[in-house]
Structure formats: C-alpha cells, structure tokens
Amino acid sequence: MERRSFLRGAVIGTSAAAFGGTLWRGAAFAAPAQPGVGPYGALGAADANGIQLPTGFTSRVVARSGQAVAGTSYLWHSAPDGGACFADGTGWIYVSNSEINPSGGASAVRFDASGGITGAYRILSGTRQNCAGGKTPWNTWLSCEEVSLGYVYESNPWGGTAYRRDAMGRFKHEAAAADPVRRAVYLTEDETDGCFYRFLPTTWGDLSAGTLQVLKAGTATSGGFTWQTVPDPDGSPTATRGQVSGAKRFNGGEGCHYADDTVWFTTKGDNRVWQVNLAAGTYELAYDDSLVTGGGAPLTGVDNITGSSSGDLFVAEDGGTMEICVITPDDVVAPFLRITGQSGSEITGPAFSPDGRRLYFSSQRGTSGSSSGGITYEVTGPFRA
C-alpha cells in the first residue's frame, strides 16, 4: 500500500481543525439538544426518489444492490451500511460496508470533479457483517465486524490489500473515529451493556500494534472519566467489556465522529447522542429523546453519525421516521431529510464529499425491506460552511 504510506506521512502532526467542525462546549455541561427550526428550514414534498428535502436540495440514486453501478460492470453490494468519503485528485471516493454475514466486506464508488461516476470496485472481501467503521487521517477505511469476537479491518479506498487489525480488540464492533491530537482511535460496541473504547497505536499511522483501553465513569449521564487498559483485547474467554471493573456501560453503541477535541457517539438502545469532551476530560448528553420537551422527539432510532465543517452533526435513523436529523452547535435538533415509502429499512453511511457540497448515504433495505434491495443516494445543495 505505497499510496497509504505516502498519505500517512502527509498528515502526521496535522491539526484537528483540518477534520472539520467547531468546538461545541468546554468543560461546562449544557442541556441536551431540543427541537427547533433547523438551519435549512422545513422539508418539502417527496421528490422522484421518494426523499423529502429542504428548498434548494436535490437527490439522485448512486447505486442499487445487485445492479451494476452506472457506467461500470460492478454489481453493488447488499445491505449497504457505514461509509466515508476520500479525496481523489480533483474527485473523490465513497466507500460503503456490506452488513451481510457471511461475505460482508466493502465496496467503493469513484467520482470525478463534477460528480460523475468513473468506477466502482470491491475493497474488502471475506469478512462478516461489516456494519460501520471510520476514516483514518492517512486515508484508509476501518471496516468493523458487528459480530461477537469481531475484528477491525483496515482497507484501501483505492483497492489493494486489506489488513486485519487484531490489536484493536475482538468484540461486537460498530464504528471508529480517529483523533490525530491524542493519536487515538475511538471504538463503539453494539451490545446492550457495551463499552466505549480507545486504541492507542504504538506508532501513529500503524494500527498493527498498540493498547486497547476502556472508558471508566460512574452511572450518571455526565461527569468526569478515565481510561483503563483492557488486559486481554482478544476477548476470550472473558469479553473485553467484562475485564475492567467500573467500565462505563452504554446501551447499543453505534456511530462515532471526532472533531476539535470532541468525540460524539450514539446509542440506539436509549436514543442518545453522547459527547465526550476530550480536553476537559468530561462526558455528557448531546441529545436524549426522553428529555425532549414540548412535543415529540424528532430523532429516534439513532444510528450512524457524521459532521460537517459548520459543526453540525448529521444523525441517521435506524427505523424511526427514516430521517437524517441535524443537531446544531447551539443545541437545536431538526429533520434534514426524510425517505418515504421505506419503513422496513434504515438509513446508513452518511458522509460528506471533501468539498462539503454532497451528502452520501444509503437506505439499507430500500423499498423491498430486503438486504438485496439497498439503495445508495447522493444529496446536493447549499450546505452551510
């Protein structure tokens, strides 16, 4: 992977500001986000793709499971899940996991500067139920197996050899987010009594060796925390989440996103978005549907999460009303888009193109409700900078 080695060298020491977003809060705790008027206004009528969007935004279908991606002979994978975008000269690449067991893996679609599709191909094979994952600062894709004693695989968006990263632990992996300041990768665990982890590579940019640690805290929804090393990352015979006394429990860890000394992650079992303030050493709730006042919660079934350069968080729903909701830095939560006619599906893999003007995501089971019915979309419009 010579390209990976080159890109790794280019990002060592890069500041966190390069990864988008603005710091929400310091050490002081704030109330979780509440419903309000979103930055893009109300949703309009469903378009030809069945998607409701704010004024000025449009959608298109990029790929459908089992069908050739437009202009290529590559058949798009079933059950598209977590994804990310990578700059590629004047264009970009969108990678997407396949949450199938067995087979799984990940694929990629390549775009030119105008958004035209120029290629599609497989980047990871022979794995199981690849759910979410995360992008590294050296431009590789971490694809996570959502199975007991699952692994993290590091793959190349341009194709080539992928590597199993045993040192990152064996558990029911969900998502990953890289922190170039503390040189850590944060990991969520999709268990009802799961934990939140960080992996400290021995050498930043090389995930073949390092230390796995788990977050320790009390039972409250905010406060201070510490990290403690997991004695046996192999997770057998004792699961990683059961090895450290006092490890903080989270109900169904899902998406994970890092920006500016903060990492956010979601828990689907209780419809929460957690905010870990890394510089302050504190954690709190950024959103909790049970704490919404003055009406129904706009965001339920929280799942994958990503951020934009404005500091807005975009959270996809697994079920719910099939929406991607935005949570603003001033603690307002509102629907950004809604997919109609696909109540048997979930929204997965939200990721912005490098210029921030296009949002990619999938409906994992589409209109059919089957893993073979997945649809991957692109939304273009005036996203705020």
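Per an unreviewed UniProt entry, the protein chain carries the name Translocation protein TolB and comes from Streptomyces showdoensis.

> Mind showing me how you'd approach the overall build of the protein chain here?
From N to C terminus, the protein chain includes one helix and 28 strands. In terms of overall dimensions, the protein chain is globule-like: its C-alpha atoms have a radius of gyration of 19 Å, near the 21 Å expected for 385 residues. Along the first, second and third principal axes, the C-alpha set of the protein chain runs to 55 × 50 × 35 Å. When burial is assessed residue by residue, the protein chain has 58% of its 385 residues classed as buried. Relative to all contacts within the protein chain whose residues are 6 or more apart in sequence, the contacts with residues 24 or more apart total 52%. Approximately 13,500 Å² of the protein chain is accessible, and the part contributed by carbon and sulfur atoms is 49%. Between the centroid of the 28 positive side chains of the protein chain and the centroid of its 36 negative side chains there is a distance of 4 Å.

> Any chance you could explain the sheet that holds strand β21 (residues 282-288) here in plain terms?
Adjacent strands of a sheet form backbone hydrogen bonds with each other and so pair up, either parallel or antiparallel. Strand order in the open sheet formed by five strands is β16-β21-β20-β19-β18, and the pairing between neighbours is antiparallel. Strand pairing shows two members of the sheet lacking a second neighbour, β16 (223-224) and β18 (253-259), which therefore form its edges. Looking at chain direction, β18 and strand β19 (residues 262-267) are connected through five bridges and run antiparallel. What sits directly across from C256, in β19, is F265.

> Any chance you could explain the sheet that holds strand β26 (residues 347-352) here in plain terms?
Taken together, the four strands give an open sheet; going across it, the order is β3-β28-β27-β26, and neighbouring strands pair in antiparallel fashion. Bordering the open sheet on either side are β3 (58-64) and β26, each of which pairs with just one other strand. Taking the axes of each pair of neighbouring strands and ignoring which way they run, one obtains an average angle of 20° across the sheet. Where β26 and strand β27 (residues 358-363) come together, four bridges link them in antiparallel fashion. Bridge pairing links I347 to S363 in β27.

> Just checking my understanding: could you explain the pairing of β19 for this structure?
Regular strands place side chains that alternate from one sheet face to the opposite one. With respect to burial, β19 is a largely interior element, six of its six residues being buried. Residues T262, W264 and T266 of β19 are buried on one face, and the alternating residues V263, F265 and T267, pointing to the opposite face, are buried as well. Hairpin remark: β18 followed by β19, antiparallel, with two residues in the connecting loop; positive phi at D260, about 50°. From the end of β19 to the start of strand β20 (residues 272-277), which pair antiparallel, there are four residues, and N271 there has a positive phi angle of about 55°.

> Help me understand the pairing of β27, please; the structure alone is not making it clear to me.
Counting buried positions along β27 gives six out of six residues, so the element sits mostly inside the fold. Side chains of β27 alternate between two faces, with R358, Y360 and S362 and L359, F361 and S363 buried alike.

> When you look at the environment of G356 in this model, what are you seeing that I'm missing?
Mapping G356 onto the fold places it in the loop between β26 and β27. When the C-alpha positions of G356 and Q67 are compared, they lie 28 Å apart, and in sequence the two are 289 residues distant.

So, how was this worked out
Residues numbered from 1 in each chain as written. Predicted model: local features only at pLDDT ≥ 70, side-chain atom pairs only at ≥ 80, totals over all residues. Heavy atoms only, no water. Helix = DSSP H or I, 4+ residues; strand = E, 2+ residues; numbered from the N terminus. Rg over C-alpha atoms; globule rule 2.2 N^0.38 Å. Buried < 20%, exposed > 50% of the residue type's maximum accessible area, 1.4 Å probe, protein only. Contact = heavy atoms within 4.5 Å. Areas by Shrake-Rupley, 256 points an atom, 1.4 Å probe, with all protein chains shown as cover. Lys, Arg positive; Asp, Glu negative; His and termini not counted. Charge placed at Lys NZ, Arg CZ, Asp CG, Glu CD. Pairing = 2+ DSSP bridges. Axes fitted to C-alpha atoms, helices over the stretch in contact; angles between N-to-C directions.

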